[in-house]
Amino acid sequence: MTVRKKLAGTFALPLMVLVICIIISAMKGVSLFDSELSWITFIRSLTNVALVTFALSINLNSGRFDFSIGSVALLSSVISSMLTVKYDLGPVAMLLLSALFGALLGFLSGLVYVSVKLPPIIVSLAVALFYEGFSFTLTGGHGVTFANNARLLGFGSIPNYILITGISTVLMILIFDHTRFGYEYKALQSGQKVAVNTGIREIPNALLCYTLAGILMGVQGFVSATNNGSITMSLNFGSISPMFMAFLPMFIGGFIGRYSNDKLGTLLGAFSSAVISLVYVRLNVSSSAQQIISAVLMVSFLIYLNNETTIHSLLRRKNS
């Protein structure tokens, strides 16, 4: 594959999404990026989507559908924010605490999975309910608020969001593409039985996957909390909803990964989703309409992926 084809395959789709969204906004008489608030909204959305997509893809790519990642973000942000408020700590301390508790909660989720030997979907649903209930108990059902804490609210700036996104992407590339763990992770993906027979230990690899996903979701919980100034409680699987915003960028990332690094593809997929989300905000699209449009976009992209060879054959036949 030539360099030109790799570059085209990597950046064509995100650029196409950006151009289409700019045109749609202009047709409605709205400039997509007309203020600092628009840029902050876009970059924050990019950060949130990238973190959730990275976290979801770690286990999903290994055949483990983890519904508990949203509850990990919830509980880790609750614990870290309560400690931060109690001891008058700063945003960096809260970020580190969120990542630490996210790692612990992710590890515990993985430990339950490898111990009970039930399907990961069932285990993750049970863990999600437990973490949601524990969060509710810790806060008395009232959540956590720090709306008057200027230091925590002041963290939400473009440089900080870019720094978090950049570090997360680089670490994902380094860990999964340049470490022994990453090589074993890919071997287990390709053939679990063969990989185990060659001496690769599946359980430690799975535990580390859950731990890494927990760290990412802990950071995502921190980003969300410091943006809102409060944390509201979720019960009855209410914490699951954030993970659904990760499906479209994950599929886009898998497509782009054919031409370059799949982690870079995930980041560009998050970029595309963030642009679309900004259009929703700028055009005041209702939440119900957003869900319908997002579902149509995801299904359409999946239809294209499943029929890509046929579509390309038809196009070549038409051109000839």
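Residues numbered from 1 in each chain as written. Predicted model: local features only at pLDDT ≥ 70, side-chain atom pairs only at ≥ 80, totals over all residues. Heavy atoms only, no water.

A.B. asks: What is the right way to look at the overall build of the chain in this model?
C.D. replies: Looking only at helices and strands, one finds 14 helices and 2 strands in the chain. In terms of overall dimensions, the chain is globule-like: its C-alpha atoms have a radius of gyration of 20 Å, near the 20 Å expected for 320 residues. C-alpha atoms of the chain, sized along the principal axes, occupy 70 × 60 × 35 Å. Buried residues in the chain amount to 46% of all 320 residues. Total accessible area computed for the chain in this model is approximately 16100 Å², and 67% of it derives from carbon and sulfur atoms. (Helix = DSSP H or I, 4+ residues; strand = E, 2+ residues; numbered from the N terminus. Rg over C-alpha atoms; globule rule 2.2 N^0.38 Å. Buried < 20%, exposed > 50% of the residue type's maximum accessible area, 1.4 Å probe, protein only. Areas by Shrake-Rupley, 256 points an atom, 1.4 Å probe, with all protein chains shown as cover.)

A.B. asks: Help me understand the packing of helix H4 (residues 91-116) against helix H5 (residues 120-139), please; the structure alone is not making it clear to me.
C.D. replies: Describing two packed helices takes the angle between their axes plus the distance from one axis to the other. Contact pair H4 / H5: the axes reach a minimum separation of 10 Å and the direction vectors enclose 135°. In terms of their interaxial angle, H4 and H5 are classed as oblique. Handedness of the H4/H5 crossing: right-handed. Contact residues: H4 offers Leu105, Leu108, Ser109, Val112, Tyr113 and Val116, while H5 offers Pro120, Val123, Val127 and Tyr131. The residue makeup of the contact of H4 with H5, split by class, is 9 nonpolar, 1 polar and no charged. (Axes fitted to C-alpha atoms, helices over the stretch in contact; angles between N-to-C directions. Parallel < 35°, antiparallel > 145°, perpendicular 65-115°, else oblique. Left-handed = near helix turned anticlockwise from the far one by under 90°. Contact = heavy atoms within 4.5 Å. Nonpolar A, V, L, I, M, F, W, Y, C, P; charged D, E, K, R; others polar.)

A.B. asks: Hey, could you run me through the confidence of the model for the chain in this one?
C.D. replies: It should be kept in mind that the predicted coordinates are not to be read in detail where pLDDT is low. The predicted model of the chain averages 88 in pLDDT, with 97% of residues at 70 or higher. Mean pLDDT across the secondary structure elements of the chain bottoms out at helix H14 (residues 308-319), with 67, and peaks at H4, with 95. (pLDDT = per-residue confidence, 0-100.)

A.B. asks: So what exactly am I meant to see when it comes to the environment of Lys263 here?
C.D. replies: Mapped onto the fold, Lys263 is located in helix H12 (residues 262-282). Accessibility expressed as a relative area gives 8% for Lys263, which makes it buried. Distance from Lys263 to Phe67, taken between C-alpha atoms, is 21 Å for residues 196 residues apart in sequence. Contact partners of Lys263, with chain neighbours within four places excluded, come to Phe54, Met172, Ile173, Phe176 and Asp177.

A.B. asks: Which parts of the structure should I look at to understand a nonpolar patch on the surface?
C.D. replies: Judged by side-chain polarity, Leu163, Ile167, Val170, Leu171 and Leu174 come together as a nonpolar surface patch covering roughly 440 Å² of accessible area. In this fold, Ile167 is placed in helix H7 (residues 158-177). (Patch = residues over 30% accessible without salt bridge, like charges linked within 9 Å, V, L, I, M, F, W, Y side chains within 5 Å. Salt bridge = Lys/Arg side-chain N within 4 Å of Asp/Glu carboxyl O.)

A.B. asks: When you look at the pattern of salt bridges in this model, what are you seeing that I'm missing?
C.D. replies: Between side chains of opposite charge, a pair can form when the charged atoms approach closely. This structure, assessed with the given rule, holds 6 salt bridges. In this structure, the salt-bridge partner of Asp88 is Arg151, at a minimum N-O distance of 3.1 Å. In this pair, Asp88 is assigned in the loop between helix H3 (69-86) and H4 and Arg151 in helix H6 (residues 150-153), connecting sequence segments 63 residues apart. You can call Asp88 exposed: its relative accessible area is 55%. Look at Arg151 and you get partly exposed, because its relative accessible area is 43%. Note that Glu184 is salt-bridged to Arg180, the shortest N-O span being 3.0 Å. Of this pair, Glu184 and Arg180 both sit in helix H8 (residues 180-190), 4 residues apart, which is roughly one turn of that helix. Using a relative accessible area of 18% as the deciding quantity, one classes Glu184 as buried. Sharing partners across several salt bridges, the network here consists of Asp177, Lys186, Asp262 and Lys263.

A.B. asks: In this structure, what is going on with helix H11 (residues 247-256)? I would like to understand it.
C.D. replies: Note that an α-helix has 3.6 residues per turn; residues three or four places apart therefore point the same way. Here H11 lies mainly inside the structure; 8 of its 10 residues are buried. For H11, the set of buried residues is Phe247, Leu248, Pro249, Met250, Ile252, Gly253, Phe255 and Ile256.

A.B. asks: So what exactly am I meant to see when it comes to the packing of helix H2 (residues 36-60) against helix H10 (residues 202-228) here?
C.D. replies: Two elements in contact, H2 and H10, have axes separated by 9 Å at closest approach and are oriented at 160°. When the axis of H2 is compared with that of H10, the two are roughly antiparallel. Two packed elements cross with a definite hand, and for H2 against H10 that hand is left-handed. Residues Arg44, Thr47, Asn48, Leu51, Val52, Phe54, Ala55, Ile58 and Asn59 of H2 pack against Cys209, Tyr210, Leu212, Ala213, Leu216, Met217, Val219, Gln220, Val223, Ser224 and Asn227 of H10. Broken down by class, the residue content of the contact of H2 with H10 amounts to 13 nonpolar, 6 polar and 1 charged.

A.B. asks: Explain the environment of Leu278 here, please?
C.D. replies: Relative to the helices and strands, Leu278 resides in helix H12. For Leu278, a relative accessible area of 1% puts it in the buried group. The spatial distance from the C-alpha of Leu278 to the C-alpha of Met82 is 31 Å, given a sequence separation of 196 residues.

A.B. asks: Before we go on, may I ask you to explain the environment of Asn227 in this structure?
C.D. replies: Residue placement: Asn227 occurs in helix H10. For the pair Asn227 and Phe155, spaced 72 residues apart in sequence, the C-alpha separation works out to 8.1 Å. Dropping the residues within four chain positions of it, Asn227 is found in contact with Arg44 and Tyr161.

A.B. asks: Quick question: what am I supposed to make of the packing of aromatic side chains here?
C.D. replies: By convention here, two paired aromatic rings are described through the distance between centres and the angle between planes. Counting across every chain of the model gives 18 aromatic pairs. A centroid spacing of 4.3 Å and a plane angle of 25° characterise the contact between Phe33 and Trp39, whose relative ring orientation is stacked. The class for Phe33 is partly exposed, based on a relative accessible area of 22%. By the ring-pair criterion, three or more aromatic residues cluster together here, those being Phe33, Trp39, Phe42 and Phe271. (Phe/Tyr/Trp six-rings, centres within 6.5 Å; stacked < 30°, edge-to-face > 60°.)

A.B. asks: Honestly, the side chain of Thr139 in this entry has me stumped. Any pointers?
C.D. replies: Counting through the fold element by element, Thr139 comes out in helix H5. In this structure the side chain of Thr139 is engaged in a polar contact, spanning 3.3 Å, whose partner is the backbone nitrogen of Gly143. For Thr139, the contacting residues outside a window of four places in its chain are Val78, Met82, Val144 and Met233. (Polar contact = N/O pair within 3.5 Å; in protein donor to acceptor, adjacent residues only side chain to side chain.)

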